[in-house]
Amino acid sequence: MNALEVKGLCKNYKEFQLKDVSFCLPKGFVMGYIGENGAGKTTTLNLITHLCHQDAGMVSIGGITYEEDTRRYLESIGFIGDESYFPGTFRLKDVKAVCKMMYSSFQEDKFDQMVENWKLPAKTRIANYSRGMKVKLMFASVLSRDTSILILDEATNGLDPVMRAEVIEMLQEYIMDGEHSILFSTHVLDDLEQIADYIVFIHRGEILLNQTKEELLESYVMVRGDVADLNEGRRRKMIGMIQGAYGFEGLLRSRDAEGFGSMFAIEPADIDHIMLHYIKNGGKENACR
Amino acid sequence: MKVIISNQSELPIYAQIREQIKEQILNGQIEEGTILPSIRKLAKEVGVSVITTTRAYNDLEKEGYITSVQGKGSIVLPKDNEVMKERYLMRIEEGVMTAIHTAQYIGMEEEEFHNLVSSLWKEMEE
């Protein structure tokens, strides 16, 4: 069963198009949605959470679409944004009142408990909360009701390491029972990546890679060396070569690594490097000329 | 059970988990019949993805160290299980081979080697 299914999603803006975006997130797993700034991550998430309407395609959550059952669809999503979506003039009690009004499954005592654990000040206006407090408040509002999927849009940006570790723990707690799933977007090397089961890589509005993280990390290696040692054959195998004054760096498919001798340094690639070199390569699968 | 992940390791994370559990089963730190933590529990404790721990457990099962029992979880197979016996034997052989190599290198006689083994054996039993 899929927690989330996105099929042929399109959205046309004047200067940006989201083109035929499709992916599935099985129930109980975590998906990282990665890409550089402006690649279309937030647009996709906004279409899923129905902050805006798609021009084509469909999204279903737990098998139901927004059109089929709007209330159930929206209630099953817990959204955490890169900035607080509560009005800055709100205080804790206002947030609580709104959640109570909007969501039938909102549990007041659970909310109070979390707010107390995290020592969120009751009298301070949200506008004066720190970044960490705002994130905690969003988590409290979302985790105190029944959701089936958490959607995080760059939610850990600008958080200190302690808070990031706390968020990761919270997320892992959330998927523990195998019934809950998580979709998060990020553009930076992120410790969130360590808990991702699937990686979807979007570039200029199109999906470039969609794999389990394990497969992805196994499929590529980094190669570094002296440009003088590169013949035509080797050059052609490389994806997005970056040349410096003292050597080059490139991405290789693991199976192509054999053609490179011991004069090259070959080591496992991380997701950041895979993303970087793909973008350097113009977002193409094929290696450069 | 202990699992320590290194980001500097050449081994992928699932293989690190697999090798560490394997080692602890073979050296007796994890005893036969032990129920391993669930895939999701382990993922949470170690801070890795569910697919990563699933893969480690699948490998351990394929290689005959553990078995998964519906409703119970993953259980370490008994020592006298055919496959496990084989694994322990291999481990003993490896150890003895290293010892023989060293013995031959310094020109020790076979009988002398046997005597050394017997006396150490007795010492351990006491």
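Residues numbered from 1 in each chain as written. Chains lettered and ligands numbered in written order. Predicted model: local features only at pLDDT ≥ 70, side-chain atom pairs only at ≥ 80, totals over all residues. Heavy atoms only, no water.

1. Overview of the packing of aromatic side chains
This is how the line gets drawn: Each aromatic pair joins two rings of Phe, Tyr and Trp (for Trp, the six-membered one) with centres within 6.5 Å, and gets the label stacked for planes under 30 degrees apart, edge-to-face for over 60, and tilted for any other angle. A run of H or I in DSSP counts as a helix once it spans at least four residues, and a run of E counts as a strand once it spans at least two, with each numbered from the N terminus. Relative accessibility thresholds used throughout: buried, under 20% of the residue-type maximum; exposed, over 50%; partly exposed, between the two (1.4 Å probe, protein chains only). Two conditions define a charge located above a ring, namely a distance within 6 Å from the ring centre to NZ of Lys or CZ of Arg, and an angle within 35 degrees of the ring normal.
Enumeration over the complete set of coordinates arrives at 10 aromatic pairs over all chains. Relative to Tyr33 of chain A, the ring of Phe23 of chain A lies with its centre 5.4 Å away and its plane at 40°, an arrangement referred to as tilted. Of the two residues, Phe23 of chain A is situated in strand 2 (residues 17-26) and Tyr33 of chain A in strand 3 (residues 30-34); the sequence distance between them amounts to 10 residues. Note on accessibility: Phe23 of chain A and Tyr33 of chain A belong to one class, buried. By way of ring pairs, the aromatic residues Phe79, Tyr85 and Phe86 of chain A are connected into one cluster. A cation over an aromatic ring shows up here: Arg145 of chain A above the ring of Tyr103 of chain A, its NZ or CZ 3.6 Å from the ring centre. Across from the ring centre of Tyr14 of chain B, 3.9 Å away, lies the NZ or CZ of Arg55 of chain B, which sits over that ring.

2. Things to note about the interface of chain B and chain A
Keep this limit in mind: Contact criterion: two residues are considered in contact whenever any of their non-hydrogen atoms come within 4.5 Å of each other. Buried area adds together the accessible area that both of two parts lose upon being put together, with accessible area traced by a 1.4 Å probe. Think of a salt bridge as a Lys or Arg side-chain nitrogen and an Asp or Glu carboxyl oxygen that are within 4 Å of each other. Pairs of N or O atoms within 3.5 Å make up the polar contacts considered here, provided that, within protein, one atom can donate a hydrogen while the other can accept it, and that residues adjacent in sequence are counted only when both atoms are side-chain atoms. Under the convention adopted here, Pro, Cys and the residues Ala, Val, Leu, Ile, Met, Phe, Trp and Tyr are nonpolar, Asp, Glu, Lys and Arg are charged, and Gly plus all remaining residues are polar.
Tallying the contact residues gives 13 residues for chain B and 19 residues for chain A. With both chains or domains summed, chain B and chain A bury close to 1,400 Å², and 51% of this area falls on carbon and sulfur atoms. Among the residues chain B hides against chain A, the three largest losses belong to Arg40, Lys44 and Ile51 of chain B. Together they make up 49% of the total. Applying the counting criterion to the chain B and chain A interface returns four salt bridges. When the shortest N-O distance is used, the salt bridge between Arg55 of chain B and Glu214 of chain A registers 3.4 Å. If you look at where chain B meets chain A, you find 14 residue pairs in polar contact (both at pLDDT 80 or more). Counting residues per element, the ones that place at least two in the side of chain B that touches chain A are helix 2 (39-46) and helix 3 (50-62) of chain B. Counted by class, the side of chain B that touches chain A contains five nonpolar, three polar and five charged residues.

3. Notes on the sheet that holds strand 14 (residues 265-268) of chain A
Residues and elements named next belong to chain A. Let me state the cut-off plainly: Paired strands, in this sense, are two strands between which DSSP finds at least two bridges. Interaxial angle, 0 to 180 degrees, is taken between N-to-C directions of lines fitted to C-alpha atoms, where a helix line uses only the stretch in contact.
With respect to topology, four strands assemble into an open sheet ordered 12-13-11-14, the strand pairing being antiparallel. Looking at which strands have only one partner, the edges of the open sheet turn out to be strand 12 (239-244) and strand 14. Going from strand to strand, the sheet's axes swing by 20° on average, the running direction of each strand aside. Here six bridges tie strand 11 (residues 220-225) to strand 13 (residues 247-253), and the two strands are oriented antiparallel to one another. Residue pairing for strand 13: Tyr220 is matched across the bridge by Arg253.

4. With respect to the domain arrangement of chain A
All names here are of chain A. In plain terms, the rule: Boundaries of every domain are those given by an automatic assignment or by a domain database.
What the domain assignment reports for chain A is domain 1 (2-204) and domain 2 (216-281). A C-alpha centroid distance of 35 Å is found between domain 1 and domain 2. Across the contact, 10 residues belong to domain 1 and six residues belong to domain 2. Roughly 700 Å² is buried in total at the junction of domain 1 and domain 2, and carbon and sulfur atoms are behind 79% of that figure. At the junction of domain 1 and domain 2, the tally comes to zero salt bridges. For the side of domain 1 that touches domain 2, the leading source of residues is strand 9 (residues 198-203), giving three residues. Of the residues assigned to the side of domain 1 that touches domain 2, the class counts are five nonpolar, three polar and two charged.

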